[in-house]
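These are the residues of each chain, in order.
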Amino acid sequence: MSPESPDTDTTAGAAHPAAPASSPGRSRPERPRLLRDASLSAVLAGFVAVVVSYSGPLVIVLSAASAGHLDTAQTSSWVWAISIGSGLTCIGLSLRTRMPVITAWSTPGAALLVTSLGAYSYAEAVGAFLITGAVITLIGLTGVFGWLMRQVPTAVVSAMLAGILFSFGTHVFTSLKTAPFIAGSVLVAYLLAKRLLPRYAVLIALAVGVVGSAATSRLHVHVDKIELARPVLTTPEFSVASLVGIAVPMILATLASQNAPGMAVLSASGYRPDDRLLIGTTGLASTALAPFGSHAINLAAITAAICTGPEAHHDPRRRYVAGVSCGAFYLLIGAFGSTLVAFFGGLPKELVAAIAGVALFGALAGGLTGAVKEEKDREAALITFLATASGVTLFGIGSAFWGLVFGVAAHLVLSGQWRRKSAAA
């Protein structure tokens, strides 16, 4: 990949790769200074991206921590690790590439942990996180990312993602039974905001939900003091069950549902992202922070779109500032992870469920769309979806893995590929 930034097409607003500005013999052109390129619009774009991340995906992490029976210190360390990892990679990669590289923690991975984390010890989960980071690093640095994704049918991967997220979508409506005003206000606010201010739909839904919770005396947020997060180092343990039940589906979900769309967002904005650099770096960050609770750091897609478009800056060469800004806010907020845990811990469970649900509507819709896009793969995708959504656990291994197994097996049988392979042998 060339580290050059894209030029601006003033007629179409699109970004195109720039020609090198250096004279022959110079290995690299002089890069502009960060302060000179900084703009209020880019800084605000980075801030909005962080707010969206913490108003939606973070509650899924907290739900997973609760399901895994993590204590306050472990949960705070988890929030610290994913925040610091996202912040450092945002800043480093944006400065290195002069692109608005936005990273975040794996939302599908956190959703996977909601249903699987409780089946393993926390040390075993950390061991699975470590393996996840190491494998993603290897895949990224060797350049086999695209090749690996082609081995598993896209429809099966999409169906697995949809199966993981299915329960979150239904929780929006089951919450109406116990807290109709709170869940209903979140859903209505989200739909209205999606129509009028789609970029801030989740943030507005959260704000309305908090007001609704306070109005019904269900809000119990007590932040006695603001204090820095204290990382908790956990010695990893390894087991076949946790590696297969957590690491395998998390690797696939993170690569296919986070890194692939993240690369697509950058490409659609006219940039030329290097998958080896971007995925390899986020994989290294995941590996380094796994002992502190980080499950996976990856390229962002939804929040990345906030920082890669003309709203961040009309000149694509100066949008990298939004990535640096996003990273700086990640570091600032993540440093106070325990305070964030205390704040979100006081939210009613129906509000958390409703917010998590609406925050994942887009990802769930994308998974369902990808699952049924190709008619020839629909039955295999359906089997994957049903097996994953069922929550079945066999031999101590969670449903996400079995969804992949049944889906791939169904694909091979229905497509007849196994016969062709046998005949070729």
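Residues numbered from 1 in each chain as written. Predicted model: local features only at pLDDT ≥ 70, side-chain atom pairs only at ≥ 80, totals over all residues. Heavy atoms only, no water.

### Quick look at the overall build of the protein
Here's step 1: For the protein, the helix and strand inventory stands at 20 helices and 4 strands.
Here's step 2: For the protein, long-range pairs separated by at least 24 residues make up 82% of all intrachain contacts whose partners lie at least 6 apart in sequence.
Here's step 3: For the protein, the exposed surface amounts to about 18400 Å²; the carbon and sulfur share of it is 66%. (Helix = DSSP H or I, 4+ residues; strand = E, 2+ residues; numbered from the N terminus. Contact = heavy atoms within 4.5 Å. Areas by Shrake-Rupley, 256 points an atom, 1.4 Å probe, with all protein chains shown as cover.)

### Things to note about the environment of Leu284
Here's step 1: Mapping Leu284 onto the fold places it in helix H12 (residues 275-289).
Here's step 2: Distance from Leu284 to Leu141, taken between C-alpha atoms, is 9.8 Å for residues 143 residues apart in sequence.

### Notes on unusual backbone geometry
Here's step 1: For His69, which is not glycine, the phi dihedral falls at a positive 60°.
Here's step 2: Relative to the helices and strands, His69 resides in the loop between helix H3 (57-67) and helix H4 (72-97).

### A short note on a nonpolar patch on the surface
Here's step 1: On the surface, a nonpolar cluster with roughly 280 Å² of combined accessible area is contributed by Ile383, Leu394, Val405 and Phe406.
Here's step 2: Assignment of secondary structure puts Leu394 in the loop between helix H18 (378-390) and helix H19 (399-415).
Here's step 3: Residue classification places Leu394 among the partly exposed residues on the basis of a relative accessible area of 32%. (Patch = residues over 30% accessible without salt bridge, like charges linked within 9 Å, V, L, I, M, F, W, Y side chains within 5 Å. Salt bridge = Lys/Arg side-chain N within 4 Å of Asp/Glu carboxyl O. Buried < 20%, exposed > 50% of the residue type's maximum accessible area, 1.4 Å probe, protein only.)

### Comments concerning the state of the cysteines
Here's step 1: Applying the stated criterion across every chain yields a total of 0 disulfides.
Here's step 2: Free cysteine: Cys90, not disulfide-bonded; nearest cysteine sulfur from Cys326 at 4.1 Å.
Here's step 3: Assessed through its relative accessible area of 0%, Cys90 is described here as buried.
Here's step 4: Judged by relative accessible area, Cys326 falls into the buried class, the value being 0%. (Disulfide = S-S within 2.5 Å.)

### A closer look at the packing of aromatic side chains
Here's step 1: Counted by the stated rule, this structure contains 9 aromatic pairs.
Here's step 2: Relative to Phe292, the ring of Trp80 has its centre 5.6 Å away and its plane inclined at 70°; by these criteria the two rings are edge-to-face. Remark: Phe292 occurs in the loop between H12 and strand S4 (297-299) and Trp80 occurs in helix H4; sequence separation between them is 212 residues.
Here's step 3: The exposure class of Trp80 is buried, given its relative accessible area of 18%. (Phe/Tyr/Trp six-rings, centres within 6.5 Å; stacked < 30°, edge-to-face > 60°.)

### Digging into the environment of Ser106
Here's step 1: Topologically, Ser106 is positioned in the loop between strand S3 (103-105) and helix H5 (107-116).
Here's step 2: Ser106 sits 24 residues away from Ile82 along the chain, and the two C-alpha atoms are 9.1 Å apart.
Here's step 3: Beyond its immediate chain neighbours, meaning those up to four positions away, Ser106 contacts Thr254, Gln258, His295, Ala296 and Asn298.

### Remarks on helix H6 (residues 122-142)
Here's step 1: Helix length check: H6, at 21 residues, gives a terminal C-alpha distance of 30 Å against a target of 30 Å (1.5 Å per residue), a fit within 8%.
Here's step 2: A positive backbone phi angle near 80° is found at Gly143, which sits one or two residues after H6. (Expected span 1.5 Å × (residues − 1).)

### Quick word on the confidence of the model for the protein
Here's step 1: Here the protein shows a mean pLDDT of 81. Residues at 70 or above account for 84%.
Here's step 2: Taken together, the stretch residues 16-27 has pLDDT below 50 and engages in 19 contacts with residues farther than four places along the chain or on a different chain.
Here's step 3: Of the regions scoring below 50 in pLDDT, residues 420-425 engages in 1 contact with residues more than four places distant in sequence or in other chains. (pLDDT = per-residue confidence, 0-100.)

### Looking at the side chain of Thr97
Here's step 1: Turning to its location among the elements, Thr97 is positioned in helix H4.
Here's step 2: There is a polar contact of 2.7 Å between the side chain of Thr97 and the backbone oxygen of Leu93.
Here's step 3: A polar contact is formed between the side chain of Thr97 and the backbone nitrogen of Met99, at a distance of 3.2 Å. (Polar contact = N/O pair within 3.5 Å; in protein donor to acceptor, adjacent residues only side chain to side chain.)

### Examining the packing of H4 against helix H14 (residues 320-334)
Here's step 1: Their axes nearest at 7 Å, the elements H4 and H14 cross at an angle of 155°. The angle between H4 and H14 places the two elements in the roughly antiparallel class. Along this stretch, H4 crosses H14, giving a crossing that reads as left-handed. Only Tyr320, Gly323, Val324, Cys326, Gly327, Ala328, Tyr330, Leu331 and Gly334 of H14 make contact with H4, whose side of the interface consists of Trp80, Ser83, Ile84, Ser86, Gly87, Leu88, Cys90, Ile91, Ser94 and Leu95.
Here's step 2: By residue class, the composition of the contact of H4 with H14 is 12 nonpolar, 7 polar and no charged. (Axes fitted to C-alpha atoms, helices over the stretch in contact; angles between N-to-C directions. Parallel < 35°, antiparallel > 145°, perpendicular 65-115°, else oblique. Left-handed = near helix turned anticlockwise from the far one by under 90°. Nonpolar A, V, L, I, M, F, W, Y, C, P; charged D, E, K, R; others polar.)

### A look at the environment of Pro273
Here's step 1: Relative to the helices and strands, Pro273 is located in the loop between helix H11 (240-268) and H12.
Here's step 2: Through-space distance from the C-alpha of Pro273 to that of Met99 is 8.4 Å; in sequence the pair is 174 residues apart.

### Here we look at the pattern of salt bridges
Here's step 1: One pass over the full model with this rule turns up 2 salt bridges.
Here's step 2: For Arg317, the salt bridge identified is with Asp315, shortest N-O distance 3.2 Å.
Here's step 3: The class for Arg317 is partly exposed, based on a relative accessible area of 40%.
Here's step 4: A relative accessible area of 11% places Asp315 in the buried class.

### Regarding the nonpolar core
Here's step 1: Counting 95 residues, the largest nonpolar core has Ile60, Trp78, Leu113, Ile246 and Tyr330 as the members making the most contacts within it.
Here's step 2: The dominant element in this core, judged by the number of residues it contributes, is helix H8 (residues 154-178), at 11 residues.
Here's step 3: Aside from chain neighbours lying at most four places away, what touches Ile246 is Leu112, Leu113, Ser116, Tyr120, Ala125, Ala128, Phe129 and Ala241.
Here's step 4: In this structure, Leu93, Met99, Val101 and Leu299 belong to the second largest nonpolar core, which totals 8 residues. (Core = buried A, V, L, I, M, F, W, Y, C linked by side-chain atoms within 4.5 Å.)

### Topic: H4
Here's step 1: The end-to-end C-alpha separation of H4 is 37 Å, in line with the 38 Å expected for 26 residues at 1.5 Å each.
Here's step 2: Arg98, located one to two residues past H4, shows a positive phi value of around 60°.

### What to know about the side chain of Ser286
Here's step 1: By secondary structure assignment, the location of Ser286 is in helix H12.
Here's step 2: A polar contact is formed between the side chain of Ser286 and the backbone oxygen of Thr282, at a distance of 2.9 Å.
Here's step 3: Sequence-distant contacts of Ser286, defined by excluding residues within four places in its chain, comprise Gly133, Ser294, Ala296 and Ile297.

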